Every structure is written in C-alpha cells, then in structure tokens.
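# Summary of the model geometry
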Amino acid sequence: MRINIKALPKDRLLHLFDLAAKTKNEFLAMQVVNELANRKHIRVAEQLIKLGQKANDEKNLASFQMVSKLWNRW
C-alpha cells in the first residue's frame, strides 16, 4: 500500500511514526522523520531529538528505540 506522506497532517505523521516503530519499519520511519524535518526547515538530527523527547515523555519504548536506531544509522 502506498501512502502520500506529504499530504498528511502533522498529528497523522507522528502517529505513522509510532506505527512504523511498532512494526520496526526503519524505512518508513526515516521517511516520516525527513518529511517532518522538511516541513519545519530543520535538520534531521534536530527532528530525531524532538521525536526522542516526545517518546520519552509519553513512555513509548518502541518509538524511543526506533529513534535510537535511526540516530545510530544516520
């Protein structure tokens, strides 16, 4: 199934990142991170930090681990 992530609002992108983290889909997670970073005109590293803080605040272990994987890969 193909999803046009450029057309999704921010809250749906964050939800899609959480789903990608639960399914361990690194490719989709990185696409979402890139789209969020491009929308805010910030670097990918800064977006990963923000997602890591959000995951930590919500106690979302799967998302936090995905951010960690992407950080080490990036």
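Let us look at the structure shown here.

What counts as what
- Residues numbered from 1 in each chain as written.
- Predicted model: local features only at pLDDT ≥ 70, side-chain atom pairs only at ≥ 80, totals over all residues.
- Heavy atoms only, no water.
- Axes fitted to C-alpha atoms, helices over the stretch in contact; angles between N-to-C directions.
- Helix = DSSP H or I, 4+ residues; strand = E, 2+ residues; numbered from the N terminus.
- Parallel < 35°, antiparallel > 145°, perpendicular 65-115°, else oblique.
- Left-handed = near helix turned anticlockwise from the far one by under 90°.
- Contact = heavy atoms within 4.5 Å.
- Nonpolar A, V, L, I, M, F, W, Y, C, P; charged D, E, K, R; others polar.
- Buried < 20%, exposed > 50% of the residue type's maximum accessible area, 1.4 Å probe, protein only.

Before going further, it helps to spend a moment on the packing of helix H1 (residues 10-22) against helix H2 (residues 26-40). Where H1 meets H2, the axes come as close as 9 Å, and the angle between the chain directions of the two elements is 155°. The angle between the axes of H1 and H2 places the two elements in the roughly antiparallel class. Between H1 and H2 the crossing geometry is left-handed. The segment H1 lies against H2, with Lys-10, Leu-13, Leu-14, Leu-16, Phe-17 and Ala-20 engaging Leu-28, Ala-29, Val-32, Val-33, Glu-35, Leu-36, Arg-39 and Lys-40. In terms of residue class, the contact of H1 with H2 is built from 10 nonpolar, no polar and 4 charged.

Once that is clear, we can look at unusual backbone geometry. Residues other than glycine seldom take positive phi values, yet His-41 does so here, at roughly 60°. Structurally, His-41 is set in the loop between H2 and helix H3 (44-57). Exposure remark for His-41: the relative accessible area of 75% places this residue in the exposed category. One non-glycine residue, Lys-59, lies in the positive phi region at around 55°. In this fold, Lys-59 is placed in the loop between H3 and helix H4 (61-73).

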